[in-house]
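Residues per chain, in single letters:
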Amino acid sequence: YGGMGLDFSYNIAVAEELGNIRCAGIPMAIGVQAGMATPALTRFGSHELKKQFLVPTIAGDFVACLGVSEAGAGSDVSNIKTTAVRKGDEYVINGGKMWITSGSQADWMCLLANTSEGPPHQNKSLICLPMNLPGIHVAKKIDKLGMRSSDTAQIFFEDVRVPCKNLIGEEGKGFTYQMLQFQEERLWGVASALTPMETIIQETIDYTRQRKVFGQPVLHNQTVHFRLAELATEVELLRSLLHRAVALYVKGNDVTKFASMAKLKAGRLTREVTDSCLQFWGGMGFTSEVLVSRFYRDLRLMSIGGGTDETMLSIICKYMEILPRK
């Protein structure tokens, strides 16, 4: 279908390298295209669907987006309300999606919708939805604290008709397929944050070495250089966890626990690194002229998007079997 036939570790290598872009919105958009909207289609889609949607997406001719989150269902994926009711050989879609990356310009959406009245983990399906169909309304491009270069949209569906053949895999398996997609999304997100954190730490070292306060460089204060050394150590530990999870994933293992741990740690560490480093920049760090202030805003999303810190903790607890049994 046009791909290079490489394993997932190459996706992670790309994600780490894209971290050299001095803006987190661009790597995120590429990540949606390569590792968030397409894994389920690649793994479970029919040959016809792959030819229609995957081939042009890999080629870069189509922009893809992922339609999961809703205004009332962010990390709580099982609570989505968008419906796709089968009528003849079509699904009729009604509802809406929120915080959709690349939503304003997408050619198609990997849509998660309720296709039956069954239990919440068994009534959902993934559908390839062309974004030029009648009844699709891009309500607005959302103004955000960070990731300001990212196209993030609110979208509504009103009696949108799509052929049933656009179903990815089996009906009712959408929740399971999406949980599998989330693992690649979370690992990509972790990888894309490593290089920015290294860059921020190094730029902070360079700035505090030349910036003098009370007659000496800021860097020469033990509290400053010890803290920067500590942060650099934490980044390397996160990298090791990520690479372990990816190696296991490539071998076919379930890495939900490790991916959730890495995502949790990345969310907290990006906040810790950007906050600590911004403090060492002083007043300059509070301006829009330096990278640390941009990443302070951009990387704050890591603890929210793709599953909040609290959701990651719940998943980890489940795999450790430390939650009370119902």
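Owing to the predicted nature of the structure, the values given are computational and were not obtained by experimental measurement.

Asks: Got a minute to help me understand the overall build of the protein chain in this structure?
Replies: Secondary structure assignment for the protein chain yields nine helices and 10 strands. Rg of the C-alpha trace for the protein chain: 21 Å, near the compact-globule value of 20 Å for 326 residues, within the 12% margin. Considering only intrachain contacts with a sequence separation of at least 6, the fraction spanning at least 24 residues in the protein chain is 74%. Within the structure as shown, the protein chain displays about 15800 Å² of accessible surface, and the carbon and sulfur contribution to it stands at 54%. Separation of charge centres in the protein chain, based on 35 positive and 33 negative side chains, amounts to 3 Å.

Asks: Explanation requested: the environment of Val77 in the structure shown.
Replies: On the secondary structure map, Val77 appears in the loop between β1 (64–67) and β2 (83–87). For Val77, the residues in contact, after removing those within four places along its chain, are Val68, Leu112, Lys124, Phe175, Met179 and Phe182.

Asks: So what exactly am I meant to see when it comes to the pattern of salt bridges here?
Replies: Any two side chains of opposite charge can pair, so long as their charged atoms come close to each other. Evaluated as defined, the whole model comprises 17 salt bridges. Among the ionic pairs, Arg239 bridges to Glu16, the shortest N-O distance being 2.8 Å. Placement of Arg239 in helix α6 (residues 222–250) and of Glu16 in helix α1 (residues 8–18) is noted, with a sequence separation of 223 residues between them. Here Arg239 matches Glu16 in class, with each residue buried. Taking the shortest distance from any N to any O, the salt bridge between Glu230 and Arg227 comes out at 2.5 Å. Highlighted residues: Glu230 and Arg227, both in helix α6, separated by three residues, approximately one helical turn. You can call Glu230 partly exposed: its relative accessible area is 43%. Arg227 sits in the buried class, given a relative accessible area of 18%.

Asks: How should the environment of Ser69 be read in this particular structure?
Replies: Tracing the backbone through its elements, the reader meets Ser69 in the loop between β1 and β2. Separated by 28 residues in the primary sequence, Ser69 and Lys97 have C-alpha atoms spaced 5.8 Å apart. Residue contacts for Ser69: discarding those within four places in its chain leaves Gly74, Lys97, Met98, Trp99 and Ile100.

Asks: Would you mind going over unusual backbone geometry with me for this structure?
Replies: As a rule of thumb, non-glycine residues mostly have phi less than zero, and peptide bonds are mostly trans rather than cis. Backbone geometry places Trp99, a non-glycine residue, at a positive phi of 60°. Considering the arrangement of structural elements, one finds Trp99 in strand β3 (residues 90–101). Positive phi is not limited to glycine here, since Ser102 has a value of about 70°. The residue Ser102 is located in the loop between β3 and β4 (108–114) in this model.

Asks: Even after reading the chapter, I still don't get the UniProt feature "domain: Acyl-CoA dehydrogenase/oxidase C-terminal" (unreviewed entry) in the protein chain, so can you show me in this structure?
Replies: Per the UniProt annotation, the sites labelled "domain: Acyl-CoA dehydrogenase/oxidase C-terminal" (unreviewed entry) are residues 172–318. Taken end to end, residues 172–318 is 75% helix and 3% strand, and its first and last C-alpha atoms sit 23 Å apart.

Asks: So what exactly am I meant to see when it comes to the domain arrangement of the protein chain here?
Replies: As far as domains go, the protein chain holds domain 1 (37–169) and domain 2 (176–320). Placing a centre on the C-alpha atoms of domain 1 and another on those of domain 2 gives a separation of 30 Å. Of the residues lining the interface, 20 residues belong to domain 1; the matching set on domain 2 comes to 17 residues. The tally of links from domain 1 across to domain 2 stands at one salt bridge. Where Glu184 meets Arg43, a salt bridge forms, and the shortest distance between an N and an O atom there is 3.4 Å. Taken together, the links from domain 1 to domain 2 amount to six residue pairs in polar contact (both at pLDDT 80 or more). For the side of domain 1 that touches domain 2, the secondary structure elements donating two or more residues are α3 (39–44) and β4. Looking at the side of domain 1 that touches domain 2 element by element, the count peaks at four residues for α3. Taken together, the residues of the side of domain 1 that touches domain 2 sort by class into 13 nonpolar, five polar and two charged.

Asks: Just to check I follow, could you spell out the packing of helix α5 (residues 174–210) against α6 for this structure?
Replies: Two elements in contact, α5 and α6, have axes separated by 10 Å at closest approach and are oriented at 160°. If you check the angle between α5 and α6, you find them roughly antiparallel. Handedness of the crossing formed by α5 with α6: left-handed. Between α5, through Glu184, Leu187, Val190, Ala191, Leu194, Met197, Glu198, Ile201, Thr204, Ile205 and Thr208, and α6, the contact on the second element is made entirely by Leu228, Leu231, Ala232, Val235, Glu236, Leu238, Arg239, Leu242, Ala245, Val246 and Tyr249. The residue inventory of the contact of α5 with α6, partitioned by class, reads 16 nonpolar, two polar and four charged.

Asks: Would you mind showing me how to read the packing of α5 against helix α7 (residues 256–281) here?
Replies: How two helices pack is summed up by the angle between their axes together with the distance between the axes. It is at 9 Å that the axes of α5 and α7 come closest, and there the two elements cross at 20°. Here α5 lies roughly parallel to α7, going by the angle between them. When the axes of α5 and α7 are compared, the crossing they make is left-handed. Where α5 approaches α7, its residues Gln183, Arg186, Leu187, Val190, Ala193, Met197, Ile200, Ile201, Glu203, Thr204, Tyr207 and Thr208 are matched on the opposing element by Thr256, Ala259, Ala262, Lys263, Ala266, Leu269, Thr270, Val273, Thr274, Cys277, Phe280 and Trp281.

What counts as what
Throughout, a residue's number is its position along its own chain's written sequence, starting from 1. Local features in this predicted model are restricted to residues of pLDDT 70 or higher, and side-chain atom pairs are both shown and tallied only at a pLDDT of 80 or more, whereas totals for entire chains, interfaces and linings draw on every residue. Only hydrogens and water are set aside; all other atoms, that is, all heavy atoms of the structure, feed into the side-chain values. Helix numbering and strand numbering both begin at the N terminus, where a helix is a DSSP run of H or I of at least 4 residues and a strand a DSSP run of E of at least 2. Restricting the calculation to C-alpha atoms gives the radius of gyration, and the globule rule supplies 2.2 Å times the number of residues raised to the power 0.38. The contact criterion used is simple: two residues touch if any of their non-hydrogen atoms lie within 4.5 Å. The protein chains shown are the only cover counted for residues, whose accessible areas, like all others here, come from Shrake-Rupley with a 1.4 Å probe. A residue counts as positive if it is Lys or Arg and as negative if it is Asp or Glu; His and the chain ends are not included. By convention, the point assigned to a charge is CZ for Arg, NZ for Lys, CD for Glu and CG for Asp. Criterion for a salt bridge: a side-chain nitrogen of Lys or Arg within 4 Å of a carboxyl oxygen of Asp or Glu. To sort residues, take the accessible area from a 1.4 Å probe on protein chains only and compare it with the maximum for the residue type: under 20% means buried, over 50% means exposed, and anything in between is partly exposed. UniProt positions are given in the numbering used here, feature names are shortened, and annotations may be inferred rather than shown by experiment. Where a domain begins and ends is set by an automatic assignment or by a domain database. Any N or O atom pair separated by 3.5 Å or less is treated as a polar contact, with the protein-specific requirement of one donor-capable and one acceptor-capable atom, and with residues adjacent in sequence counted only for side-chain atom pairs. In this count, Pro and Cys sit with the nonpolar residues alongside Ala, Val, Leu, Ile, Met, Phe, Trp and Tyr, while Asp, Glu, Lys and Arg are called charged and the others, Gly among them, polar. To obtain an axis, a line is fitted to C-alpha atoms, over the contacting stretch when the element is a helix, and the angle between two such axes runs from 0 to 180 degrees between their N-to-C directions. An angle below 35 degrees is read as roughly parallel, one above 145 as roughly antiparallel, one from 65 to 115 as roughly perpendicular, and any other as oblique. Throughout, a crossing is termed right-handed when the near helix is turned clockwise from the far one, and left-handed when it is turned anticlockwise from it by less than a right angle.

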